[in-house]
Amino acid sequence: MRILIADDELINRQILQGMLKDYGDSDVVVNGREAIDAFTMAHEQKSPYSLICLDIMMPVMDGCETLLLIRELEKEMKIKKADRVKVIMITAVDRPKEILKSYTGECSAYMIKPINKKALIKQLKDIGLLEE
Ligand SMILES: [Mg+2]
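This is a predicted model, so every value here is computed, not measured.

A.B. asks: Quick question: what am I supposed to make of the coordination of the magnesium ion here?
C.D. replies: In ideal tetrahedral geometry, four donors around a metal make angles of 109.5 degrees, whereas ideal octahedral geometry with six donors gives angles of 90 or 180 degrees. In the first shell of the magnesium ion, the protein supplies D8 (OD), D55 (OD) and M57 (O), at 2.0 to 2.1 Å from the metal. If you list the donors of the magnesium ion from N- to C-terminus, the spacing comes out as D-x46-D-x1-M. In this pair, D8 is assigned in the loop between β1 (2-6) and α1 (10-20) and D55 in strand β3 (residues 51-55), connecting sequence segments 47 residues apart. Residue classification places D55 among the buried residues on the basis of a relative accessible area of 3%.

A.B. asks: Looking at this structure, how should I read the sheet that holds β3?
C.D. replies: Backbone-to-backbone hydrogen bonds join strands into a sheet, with any given pair of strands oriented parallel or antiparallel. Reading across the sheet, the 5 strands line up as β2-β1-β3-β4-β5 and stay open at both edges, with parallel pairing between neighbours. Either end of the sheet is taken by a strand with one partner, and the two such strands are β2 (25-29) and β5 (109-112). Between one strand and the next, the sheet's axes are offset by a mean angle of 20°, whatever the strand orientation. Bridge count between β3 and strand β4 (residues 86-91): 5 bridges; the pairing is parallel. Each bridged residue has a counterpart across the sheet, and for D55 the counterpart in β4 is I90. Together, β1, β2, β3 and β4 form the strand contacts of α1, whose direction differs from that of β1 by roughly 160°.

A.B. asks: What's the story with the environment of A6 in this structure? I'm lost.
C.D. replies: On the secondary structure map, A6 appears in strand β1. Each C-alpha atom of the pair A6 and L69 lies 14 Å from the other, and the pair is 63 residues apart in sequence. A6 has contacts with V29, A35, C53, L54, D55 and M58, leaving out every residue within four places of it along the chain.

A.B. asks: It is not clear to me how the environment of Y49 should be interpreted in this structure. Could you clarify?
C.D. replies: Among the structural elements, Y49 can be located in the loop between α2 (32-44) and β3. Taking the C-alpha atoms as reference points, Y49 and L4, 45 residues apart in sequence, are found 6.6 Å from one another. Once you skip the residues sitting within four places of it in the chain, Y49 turns out to touch R2, I3, L4, D27, A38, F39, A42 and V85. At 2.6 Å, the side chain of Y49 forms a polar contact with the side chain of D27.

A.B. asks: Is there a simple way to explain the nonpolar core in this structure?
C.D. replies: The biggest cluster of nonpolar side chains holds 22 residues, and the ones touching the most others in it are L4, Y49, I52, L54, V85, V87 and M89. Contributions of two or more residues to this core are made by β1, α2, β3, α3 (63-76) and β4. Top contributing element to this core by residue count: α2, with 5 residues. C53, A109, I115 and L120 belong to the second largest nonpolar core, which has 17 residues in total.

A.B. asks: What am I meant to see in α2 here?
C.D. replies: Counting along an α-helix, one turn takes 3.6 residues, and residues three or four places apart therefore face a common direction. Taking 1.5 Å of rise per residue, the 13 residues of α2 would be expected to cover 18 Å, and the 18 Å separating its terminal C-alpha atoms lies within 8% of that figure. Here α2 has its buried residues at G32, A35, I36, A38, F39, A42 and H43. Buried residues along α2 cover an arc of 165° about the axis, so they all sit on one side. By the N-cap criterion, in which a side-chain oxygen at the helix start approaches the backbone nitrogen of a residue two or three places on, α2 is capped by N31, the distance to R33 being 2.9 Å. Positive backbone phi, approximately 55°, marks K46, located one or two places after α2.

Cut-offs and rules
Residues numbered from 1 in each chain as written. Predicted model: local features only at pLDDT ≥ 70, side-chain atom pairs only at ≥ 80, totals over all residues. Heavy atoms only, no water. Donors = N, O, S within 2.8 Å, 3.2 Å for Na, K, Ca; no water. Helix = DSSP H or I, 4+ residues; strand = E, 2+ residues; numbered from the N terminus. Buried < 20%, exposed > 50% of the residue type's maximum accessible area, 1.4 Å probe, protein only. Pairing = 2+ DSSP bridges. Axes fitted to C-alpha atoms, helices over the stretch in contact; angles between N-to-C directions. Contact = heavy atoms within 4.5 Å. Polar contact = N/O pair within 3.5 Å; in protein donor to acceptor, adjacent residues only side chain to side chain. Core = buried A, V, L, I, M, F, W, Y, C linked by side-chain atoms within 4.5 Å. Expected span 1.5 Å × (residues − 1). Arc of directions from axis to C-beta.

Written out as structure tokens, the structure reads:
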């Protein structure tokens with residue numbers, strides 16, 4: 001599967017890329033604006049992402065804004081709800097839990113840093129990207 005990782009910190013991008021390397025090819029970007037560009041380009045290439053890992057706190061465009069824009073673009077492209085890209089929101093602190101709850105209709109899952117590989121793989125299974 002095709003994976004997109006958006007995080008403004010190099011180390012976080014590297015960690016996620018390492019954890020996901022056995023499950024697909026991942027592209028990495030540093031903010032939400034670039035994530036939108038990559039998302040759009042992948043659709044233009046008829047090779048959309050199956051998974052997007054979105055850091056919440058990013059400059060230029062944050063993860064929440066990016067998520068909503070992705071969903072809007074999918075709506076414009078007439079993509080059915082079941083076929084929307086799976087998005088895992090990633091946050092550094094536990095505090096935004098409440099904020100994230102309001103996004104649960106839009107994102108597939110959320111995780112708190114530091115990301116643990118076992119938990120990440122479990123999430124991928126839970127959202128149907130990996131078989132049990
Ligand atoms: Mg960040």
